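Reading the structure
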Amino acid sequence: MLSVWYPATKMQQGLWVLDRDELQRPTQLVPSVVEFTGEVNHAELVEAARLTIARHPSLRARFRFDLKRRRVEYSTDGEPGEAVLRDAEAEGLSEPEVDALVRGLCGTPFDLAADAPVRAVVIRLDARRTLLVLVSHHIVVDGLSRTMLMEEISTVYRARLAGVRPELSDPPHPAAVVAVRTPEEVAAQVTEVVERLRGAPVDVPLPFERGGGDDLEAARLGATVTTRLDAERTAKALTVASEEGCTPFMLGVALLAGTLARGSGQRDFLIAFAWPGRDDPDAGDVIGMFITTVVLRISLEPDTRWRELLGNARISAMEAFMDADVPLDALAARLNPDRTRIWPPLTPVLLNLDDAPHTPVLAPGVTGRLRPLDPLYVKYDLAAFVRIIDAADGRRLELSLDYPTDVTDHSAVSAFLTALRQSAADLATSPEEPVLEQPVETIDVDDPEERLRLVRTIWREILGGEDDIDDDVSFFEAGGDSLLLVILVERLSQTSGQTLRTIDLFRSATISGQADLLAKPVEAV
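The structure contained in this document is the topic of the report that follows.

So, how was this worked out
Residues numbered from 1 in each chain as written. Predicted model: local features only at pLDDT ≥ 70, side-chain atom pairs only at ≥ 80, totals over all residues. Heavy atoms only, no water. Pairing = 2+ DSSP bridges. Helix = DSSP H or I, 4+ residues; strand = E, 2+ residues; numbered from the N terminus. Axes fitted to C-alpha atoms, helices over the stretch in contact; angles between N-to-C directions. Contact = heavy atoms within 4.5 Å. Buried < 20%, exposed > 50% of the residue type's maximum accessible area, 1.4 Å probe, protein only. Core = buried A, V, L, I, M, F, W, Y, C linked by side-chain atoms within 4.5 Å. Parallel < 35°, antiparallel > 145°, perpendicular 65-115°, else oblique. Left-handed = near helix turned anticlockwise from the far one by under 90°. Nonpolar A, V, L, I, M, F, W, Y, C, P; charged D, E, K, R; others polar. 1 Å grid on protein atoms, 1.4 Å probe; cavity = no way out; pocket = protein on both sides within 12 Å on 5 of 7 lines; lining within 4 Å. Points joined across faces, edges and corners; volume = space filled by probe spheres on them. Arc of directions from axis to C-beta. Phe/Tyr/Trp six-rings, centres within 6.5 Å; stacked < 30°, edge-to-face > 60°.

To continue, consider the sheet that holds strand 12 (residues 367-370). If you trace the five strands from one edge of the open sheet to the other, you get 5-6-7-2-12, paired in mixed fashion. Unpaired on one side and paired on the other, strand 5 (83-87) and strand 12 mark the two borders of the sheet. Neighbour-to-neighbour, the strand axes of this sheet turn through a mean angle of 20°, independent of strand direction. Helix-sheet contacts for helix 5 (residues 143-162) involve strand 2 (29-37) and strand 7 (129-137), and the interaxial angle to strand 7 is about 140°.

Set out below in structure tokens:
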């Protein structure tokens, strides 16, 4: 029986091209590593993974380039990927050896012409701990598909344990839910978007420099830094954003653009983001690669205020959403024809809402957690992620940065994250203030010495003295009073990004005590 070949989407063609480059190949993988604690039936979990993988046409895909038609195409008639069991305890594997095994599984590329683009390995660590390693190629799996796969494996697993047939819909073929447009329609839309983006710099002055070494493989390795805004300021920031009609993503756009502008002379930015690409309702539950990379343009003036920047972010995002199906390579060819790097083509900066899969509920009595990826591969020089976390004290705005580890000064990345958090605090508390009006001072609250230095500096400023004050002397013994304490609360809150109350500083009246307060959000009493 002859195989049926379907044309790849523009995004898939781009990913196929990237996969031809040995340096880029590991960055095209979509790995998930879940550690389960509790009693797991390993044979059933392997079978659940195997059945799930085999069900979906895209996970059986093989790719080729048709020279005559000059297109990348795929067939879904191939054999499905494997799901296997490894028993680390029986094999005598140590924890470092298991870690090395997982790194190999998460970093080994697929042969898109010969291999099924997905692999699953269940690793029994001991009687109570199990790893599920699920690795797919980005050409067939986007962020939503990854979450759907993990959830379906759990659904099938629970059904098999119960001895019942899982209730699953028949998955449509991905080619059946892809919109087809004429070349003329695409060209007209490309021209419209090019005019909107023309003139914007295709580079962004980042707060750090790449190492520029000869190790090209190491240049794609990355690390992550994360911070959270306290619950009170999160609520204020989300309220201001909502008043301007902005989603959390649009809020992130404003914060990133504002922080980049504060740290440089640039006022006009191109920022990339991922668009789900599931405009067809029938694509909602299809495992496949529908996501597209979209670029928005956002600018500000010297007197632009935070509220105005939120409005700019909303308009910029809405314009980009409307043209989310425009091929990025066509835009890059028109706007950045002299580019020398394959990726990224228009901007080194990406912003996304977090698309990490939810930890699946495998079975009663079994808890799961996502393991951090090691190694982490990066595609952009700076990738920012916005999340809203439900914490014990309320919702928290979490901001994280993925960055290449070959930067020359890692402290500059942490400093930029601190500046990003400060921008969020300024937007929350002073939305009518100009974005470029820098706060008096920002600090890294994770650094104990910086916290002490900040408190000492503000004490001297408020108390009007030049002499050093002992870190264990009370604010009132040093000459402070209740009025000055209120001013101290405002100054420390402004510069640290933390929400402080007068009663908190009254109870912790020394420099060392107040420095400790800045280390973590204040708990309500």
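Okay, back to it.
What follows deals with the pairing of strand 9 (residues 268-275). Burial runs high along strand 9: six of the eight residues are buried. Judged from the eight bridges that link them, strand 9 and strand 10 (residues 292-299) form a sheet pairing that is antiparallel. In the strand pairing of strand 10, aspartate 268 is matched with serine 299.

This part takes up the nonpolar core. If you look at the biggest cluster of nonpolar residues, it comprises 55 residues, and the most contacted ones within it are Phe63, Val102, Ile123, Val133 and Leu134. Within the residue set of this core, elements represented by two or more residues are helix 1 (10-19), strand 2, helix 2 (42-55), strand 4 (71-75), helix 4 (95-107), strand 6 (118-124), strand 7 and helix 5. Sorting elements by how many residues they give to this core places helix 5 first, with six residues. Counting 54 residues, the second largest nonpolar core, distinct from the first, contains Leu251, Leu310, Ala412 and Ala428.

The three strands are arranged 1-4-3 in an open sheet whose pairing can be described as antiparallel. Edge positions in the sheet fall to strand 1 (6-7) and strand 3 (62-66), since each of these pairs with one other strand and no more. When strand 3 meets strand 4, the two strands line up antiparallel, connected through five bridges. Residue pairing for strand 4: arginine 62 is matched across the bridge by serine 75.

Turning to the packing of helix 8 (residues 248-262) against helix 11 (residues 410-429), a few remarks are in order. Where helix 8 meets helix 11, the axes come as close as 9 Å, and the angle between the chain directions of the two elements is 120°. As the angle between them shows, helix 8 and helix 11 are arranged oblique. As helix 8 packs across helix 11, the resulting crossing turns out to be right-handed. Contacts between helix 8 and helix 11 involve Leu251, Leu255, Leu256, Thr259, Leu260 and Arg262 from the former and Phe416, Ala419, Leu420, Gln422, Ser423, Ala424, Asp426 and Leu427 from the latter. In the contact of helix 8 with helix 11, the residues fall into nine nonpolar, three polar and two charged.

Before going further, it helps to examine empty space enclosed by the protein. One pass over the full model with this rule turns up two cavities of 30 Å³ or more. By volume, the largest cavity amounts to about 70 Å³. Lining the largest cavity we find Val193, Arg196, Thr293, Val294, Val295, Ala320, Asp323, Ala324, Val326, Leu328 and Leu331. At the level of elements, helix 6 (183-197), strand 10 and helix 10 (328-335) are the ones that each hand at least two residues to the lining of the largest cavity. Ranked by residue count, the leading element in the lining of the largest cavity is strand 10, at three residues. When the residues that make up the lining of the largest cavity are grouped by side-chain class, the tally is eight nonpolar, one polar and two charged.

Taken residue by residue, helix 10 has Leu328, Leu331, Ala332 and Leu335 as its buried positions. Along helix 10, the residues classed as buried sweep out an arc of 100° about the axis, all on the same side. Where helix 10 is buried, its residues touch helix 6 and strand 10.

Scanning the entire structure with this criterion turns up ten aromatic pairs. For the ring pair phenylalanine 249 and phenylalanine 321, a centre distance of 6.2 Å and an interplane angle of 35° mean the geometry is tilted. You can see phenylalanine 249 sitting in helix 8 and its partner phenylalanine 321 sitting in helix 9 (residues 306-322), a full 72 residues away along the chain. Accessibility expressed as a relative area gives 21% for phenylalanine 321, which makes it partly exposed.

One can describe the packing of helix 6 onto helix 10 by two numbers: an axis separation of 10 Å at closest approach and a directional angle of 50°. As far as their axial angle goes, helix 10 and helix 6 are oblique. Crossing geometry of helix 6 relative to helix 10 is assigned as right-handed. In this structure, helix 6 uses Val190, Thr191, Val193, Val194 and Leu197 to contact helix 10, whose residues at the interface are Ala330, Leu331, Arg334 and Leu335.

Any link to function would need more than the numbers given here.
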